[in-house]
Amino acid sequence: MEAKPGDRVSIRTVHETLEGTLVESYEAGIVLLKLRNGYNFGIKKEDIVSIDLIGKKKEGKKKEARKVNSKLPNVDVIITGGTISSRVDYQTGGVKWLTNPEELFELYPEIFEICNVRKVEIPFMKASENMDYKDWQEIAKICEKSLNDGDCEGVIITHGTDFLHYTAAALSFFLKDLNKPVVLTYSQRSSDRASSDAALNLQCAARVACSDIAEVVLVGHASSNDDFCYALRGSKVRKLHSSRRDAFKPVNTMAIARVFPDRIETITGHRTRDDNKKVKLDDGFNDKIALIKFYPGMDPEIFDFLSTRYHGVVIEVSGLGHLAIDEARKNLLPAIKRAIDNGLIVCAACQTVYGRLDPLVYSPGRKLMNYGIIFLGDMLAETAYVKLGFVLGHRQWKTKEQIREKMLENISGEFNNRLEG
Ligand code: ASP
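About the cut-offs
Residues numbered from 1 in each chain as written. Predicted model: local features only at pLDDT ≥ 70, side-chain atom pairs only at ≥ 80, totals over all residues. Heavy atoms only, no water. Near = heavy atom within 4 Å. Polar contact = N/O pair within 3.5 Å; in protein donor to acceptor, adjacent residues only side chain to side chain. Areas by Shrake-Rupley, 256 points an atom, 1.4 Å probe, with all protein chains shown as cover. Nonpolar A, V, L, I, M, F, W, Y, C, P; charged D, E, K, R; others polar. Phe/Tyr/Trp six-rings, centres within 6.5 Å; stacked < 30°, edge-to-face > 60°. Buried < 20%, exposed > 50% of the residue type's maximum accessible area, 1.4 Å probe, protein only. Helix = DSSP H or I, 4+ residues; strand = E, 2+ residues; numbered from the N terminus. Contact = heavy atoms within 4.5 Å. Core = buried A, V, L, I, M, F, W, Y, C linked by side-chain atoms within 4.5 Å. 1 Å grid on protein atoms, 1.4 Å probe; cavity = no way out; pocket = protein on both sides within 12 Å on 5 of 7 lines; lining within 4 Å. Points joined across faces, edges and corners; volume = space filled by probe spheres on them.

Peer 1: Can you walk me through the site of the ligand in this structure?
Peer 2: Inspection of the region around the ligand gives Gly82, Thr83, Ala127, Ser128, Glu129, Gly160, Thr161, Asp162 and Ser187 as its neighbouring residues. Note that an oxygen atom of the ligand is positioned 2.8 Å from one of the backbone N or O atoms of threonine 83. Protein chains shield 87% of the accessible area of the ligand, which is 260 Å² for the free molecule. Its residues assigned to classes, the shell around the ligand comprises 1 nonpolar, 6 polar and 2 charged.

See the structure below:
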């Protein structure tokens, strides 16, 4: 009898024998086998020697993918799009959204061995490059509601990878007095693909959502192996690779924890769960801000333009904190000074990604500081952009001094003063 998707089978290939459940494969020439640990393993048809049926798929009325197990902790899931919510479209060769986003649970039911998915919210289905602060606010609002419900242990958010660190930073500022875990996760390969990273990421995200790590964290592969994930602080994480499973790295800090599907090993200190506290939504945001990168030869007129249209800017400056001044053909200083005098808030973040700004090392840096540029130490430029919008979105911080003070306050672990060098 021919095996069909859903049947348990043993497949003998020219290399090995594997046991698992057959999954519908949309990849030409590939048989897809879901192994016991949830991993989707693709086998080339030409390598298959035999397929033996171990058990037929239980027929009957189609079971809900989402099962309720009242003995497990309750977690709410927010699905927002991205590769993790997509499948390969074999007509175009690209990927498209899953027809029913909850299909994710049909593809990865292992999550139900860790937690009970109490509620699923799908505020929108978008790639992360199409999001803006209104989407971050919408996600934060749903988180607030879930986290303040005594029945919910934590929240998992599935998200696109490309601009995930912006959402992570936004939630880190918008969710004040965080009481429970908020876990963002992703996949680099669509959920229906052989060797998708979604299985491990979702299981580890569920583990963290039930833990006592009351922080906004990103959970994803720690390396290109499929063995464990890292939990990374939302304000200190960045996508640093276009395609690897371990695309996200902690910057200027360490991972909070190593996460396995069955356990968590803490690495650094973290804020801990307090079920008696309530989180507060504090999502003011002013989007008249920009994030730009300094490059040799930059035109000073950019600052004149910014000062007429924008309220703030983050400039990615050189390693220790430089940009072209006195001896340069295009000296930026007069334009920056005019912009600051006009009320533009000018912040500086580190272009090298790793390390911190130290404008006191060279005299040009000191000069820039005296002009009123706010140097943001080891804060990531993307986090700085989100934080600037957040700070300028609050009427209570309106003077230059108040804004500077807030930008330099460590609100959500965005500064790491223990960083050496
Ligand atoms: N462009 C997609 C996004 O960021 C890619 C992904 O999900 O990995 O939503």
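From this point on, the discussion continues.
Peer 1: Got a minute to help me understand the packing of aromatic side chains in this structure?
Peer 2: For any pair of aromatic rings, the description rests on two quantities: the centre-to-centre distance and the angle between the ring planes. Overall, the coordinates contain 14 aromatic pairs when judged by the stated rule. Seen in terms of ring centroids, phenylalanine 163 and tyrosine 166 are 5.7 Å apart; in terms of plane orientation they differ by 50°. Their pairing is tilted. A residue is classified by how much of its surface remains accessible, and phenylalanine 163, at 35% relative accessible area, is partly exposed. A centroid spacing of 5.6 Å and a plane angle of 25° characterise the contact between phenylalanine 173 and phenylalanine 390, whose relative ring orientation is stacked. Here the residue phenylalanine 173 occupies a position in helix H3 (residues 164-174), and phenylalanine 390 occupies one in helix H8 (residues 381-392), the gap between them amounting to 217 residues. For the residue pair phenylalanine 173 and phenylalanine 390, the accessibility class agrees, reading buried in each case.

Peer 1: Just to check I follow, could you spell out the side chain of glutamate 382 for this structure?
Peer 2: Tracing the backbone through its elements, the reader meets glutamate 382 in helix H8. Overall, the relative accessible area of 6% leaves glutamate 382 in the buried class. A distance of 2.9 Å separates polar atoms of two side chains, one belonging to glutamate 382 and the other to arginine 238. With near-sequence residues (within four places) excluded, glutamate 382 lies in contact with His165, Tyr166, Arg238 and Leu291.

Peer 1: What exactly am I supposed to notice about the nonpolar core here?
Peer 2: Nonpolar side chains in soluble globular proteins tend to be buried together. Core analysis: the largest hydrophobic core is formed by 55 residues, its most contacted members being Trp136, Cys143, Ile157, Leu171, Leu175, Val182 and Val386. Contributions of two or more residues to this core are made by helix H2 (133-147), strand E10 (154-158), H3, strand E12 (182-185), strand E13 (216-221), strand E22 (345-350), H8 and helix H9 (400-407). Not counting chain neighbours up to four residues away, the residues in contact with valine 386 comprise Trp136, Tyr166, Ala169, Ala170, Phe173 and Phe285. Residues Val77, Val117, Val120 and Ile256 belong to the second largest nonpolar core, which totals 35 residues.

Peer 1: What exactly am I supposed to notice about empty space enclosed by the protein here?
Peer 2: Summary: where empty space remains is shown by rolling a probe the size of a single water molecule over the atoms. Scanning all chains against the criterion turns up 1 cavity of 30 Å³ or more. Considered as a void within the structure, the largest cavity measures approximately 50 Å³ in volume. If you go around the largest cavity, the residues you meet are Arg238, Glu316, Cys350, Gln351, Val353, Leu380, Ala381 and Glu382. In terms of residue class, the lining of the largest cavity is made up of 4 nonpolar, 1 polar and 3 charged.

As far as function goes, none of this settles anything; it's purely spatial.
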